[in-house]
Amino acid sequence: MSLSSQQSALLNAKLDSAFVPHLAPLLQPKGGADDTIKNRSRALAALVISALCEASPDEASASVVDDYDDYGVDAIHYHASTTTLYLVQAKLKAGSQFSQTEANAFCQGVRKLIRQDFVGFNEHVLRRQTAIEDAIENCSRIELVIVHVGAGMSAHADGALKQLIVEEKNDEERLCTGYSELGADRVATYLHDSGADARVDGTVHLKASSYRDEGRKTYIGFVALDRLVTLHKRFGKALYTKNIRQHLGHKTDVNIAIRQTLTDCPEEFEHLNNGVTILAERIDPKNNNAHRGRRLDLTGLSIINGAQTVASAAGFVEDRPNASIADAYVPITVIQADLDHDFSKRVTRARNHQNPVYSQNFAALDDEQERLRRELALLGVHYAYKPEALGDAADTNRVRIEEAAQALAVVTRDPRFVVYLKKEPGQLLLVEGPSYKSLFTPSLTAFRLLNAVRFFRYVQAQMRIQEKAAAGTGYERLTYKHGDYAIGFVLGKRIETTLAGATVVDPARLAGALSQPFDEARQALWNAVSARLQQADKGPLSIVRNVGEALPILREAMINHYNLQSDPALPHVSVAVPGEHYPVKLYDYLASKAPQIGGLT
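In what follows, the accompanying structure is described. Nothing here was measured: the structure is a model prediction, and the numbers come from that model.

About the cut-offs
- Residues numbered from 1 in each chain as written.
- Predicted model: local features only at pLDDT ≥ 70, side-chain atom pairs only at ≥ 80, totals over all residues.
- Heavy atoms only, no water.
- Pairing = 2+ DSSP bridges.
- Helix = DSSP H or I, 4+ residues; strand = E, 2+ residues; numbered from the N terminus.
- Axes fitted to C-alpha atoms, helices over the stretch in contact; angles between N-to-C directions.
- Contact = heavy atoms within 4.5 Å.
- Buried < 20%, exposed > 50% of the residue type's maximum accessible area, 1.4 Å probe, protein only.
- Expected span 1.5 Å × (residues − 1).
- Disulfide = S-S within 2.5 Å.

Thoughts on the sheet that holds strand β4 (residues 180–182)
The mixed open sheet is built from 4 strands, whose spatial order is β1-β2-β3-β4. The sheet terminates laterally at β1 (75–79) and β4, the two strands that pair on one side only. Strand-to-strand twist across the sheet, computed as the mean angle between neighbouring axes with direction ignored, equals 25°. One ladder, built from 8 bridges, connects strand β2 (residues 84–91) with strand β3 (residues 141–148); its direction is parallel. Paired with Leu-87 across the bridge in β3 is Leu-144. Helix-sheet contacts for helix α2 (residues 32–53) involve β1, β2, β3 and β4, and the interaxial angle to β2 is about 145°.

Below you can see the structure in the form of structure tokens.
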């Protein structure tokens, strides 16, 4: 399997931002696109070293020797903690197999390195010759790694690599019995994992603690609040990875009360707070100190309930550095969850009731949301799928899940979403509901989500302009006031090619390309609405909140905007099918006939 075009684009973004800047300059640069392609291929070797050895991007990039005259060896890295020498060849060629020619070049380079024959190697290798010689002398394992993103490995390439190992292992027993092939699926996994929050390890001391080990290791007791504040300061949002919310800010009623208690009577905090719950992959109990309490060393910990308590206390300490919260303790439950993600989700769902929790908040437990967050981060966009304090609401590179759901609904083919958005927008984020499942699918890409959001932001801005321009003109103004979703639905079908692609919309280009089409779609919508207003005693808001009224309006607006008035297929696709909730064939056909607008990226 090769990487998809979307995955390739995300991979390039990751390589360009995290690894290319740390690479040594090319020895024989050609300039332009050639150097860009070459550096990305070099950076792929660094990405793999980073993933295999948990090396930082600069350390992994320093191991890259890929250049002209490299004898097929693209990275040489000694992993001291496992005394393993990694020799890597990386190919960033989508669609093509790893060939015998490429394998033969790598085999030649490996043979020369094992014999410590550096004649003919490029300057990147020669500059590190002493360190490489030391690594060859001191290592206990030599592992060969082939990484590619194309259509697998050819049989001849596989044979050449296996023959190399058979021949060389007689004299070099440290050579691993087989080579490691990392294909497109492994690269995609590394790419996904690279966006994860760093693992959080820490220590807490529990007073008046008790312990149960019936099924799951669990500790209950009281912890000093200032210890949790210290963890918050050190790890930030990573401390709450498995929680359904980030800190909601200091203005909610509960968080105001927390700060007030810390001001007036911190010694009573443990009696007034519901407590904190921590999940940890591993719990290692240590000594039980009479003064500090039982020490627990926690690996892979996450606060899944009590984020508001800890973050509010941290904000209080920051705002009042001279105030003491040493007397403040909070009830705590620490549960060992290993890597059981389903159990973690059940506990998180059950224990989050301190601040008001809405059903929509549990979208934060959907793994697809975390995948989208990581992918959007590669595009320089912060995706806030957990409730959190707004921060800079004007940040164009911040997308909230509510905004994403609206934009995705607008660009679907199901016209009922136009009504849902005006009538029951909350149902779009009910994780078990059909609307949520149809919007946030495993196939949804970060590109589609981001481009839909940028498109709909443009539509909303233009509709506000039209609403002001039509002030005082009655129903036309109300049509523009309540017609954002309708106009977005009609116009959105004309950018489907872009939405299905793997490039990011440029807001300036989008505005230029959509200026006239938007005005034409606006007029088509108003014509359809005004015609209906002459037949029914209803206003524009009533129309867009009613499926029976809204769908015919959308149909007429689409037909007129796409110039399909004389399309001979319309009578056939308009035939109602018993049992359907709406004319699926008709709206699918209209969407497929929408003239596409290009030049948006």
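Having seen the structure, we can now continue with the description.
Concerning the pairing of strand β6 (residues 218–224)
For β6, a buried count of 5 out of 7 residues is recorded, marking the element as mostly surrounded by other parts of the structure. Across 5 bridges, the pairing between strand β5 (residues 202–212) and β6 is antiparallel. By the bridge assignment for β6, Lys-207 is matched with Phe-222. What sits between the antiparallel neighbours β5 and β6 is a turn of 5 residues, in which Gly-215 has the positive phi angle 105°. Where β6 meets strand β9 (residues 329–336), 7 bridges bridge the pair, whose relative direction is antiparallel. The residue of β9 that forms the bridge with Ala-224 is Tyr-329.

A short note on helix α19 (residues 475–482)
Restricting attention to buried positions, one finds in α19 the residues Thr-479, Tyr-480 and His-482. Contacts made by the buried residues of α19 are with α16 (416–423), α18 (446–469), α20 (484–492), α22 (507–533) and α23 (540–544).

Focus: unusual backbone geometry
Even without being a glycine, Thr-83 presents a positive backbone phi close to 45°. Within the secondary structure, Thr-83 sits in the loop between β1 and β2. Take Thr-83: its relative accessible area is 26%, and that puts it in the partly exposed class. Non-glycine residue Ala-208 carries a positive phi angle of around 50°. Tracing the backbone through its elements, the reader meets Ala-208 in strand β5.

Focus: helix α1 (residues 5–19)
Taking 1.5 Å of rise per residue, the 15 residues of α1 would be expected to cover 21 Å, and the 20 Å separating its terminal C-alpha atoms lies within 8% of that figure. Three or more residues of α1 are buried, namely Gln-6, Ser-8, Ala-9, Leu-10, Leu-11, Lys-14, Leu-15, Ala-18 and Phe-19. Contacts from the buried residues of α1 go to α2, α3 (57–62), α8 (184–193), α14 (367–378) and α18.

Describing the state of the cysteines
By definition, a disulfide links the sulfur atoms of two cysteines through a covalent bond. Applying the stated rule across the entire model yields 0 disulfides. Cys-176 takes part in no disulfide bond, and the closest cysteine sulfur, belonging to Cys-139, lies 9.3 Å away.

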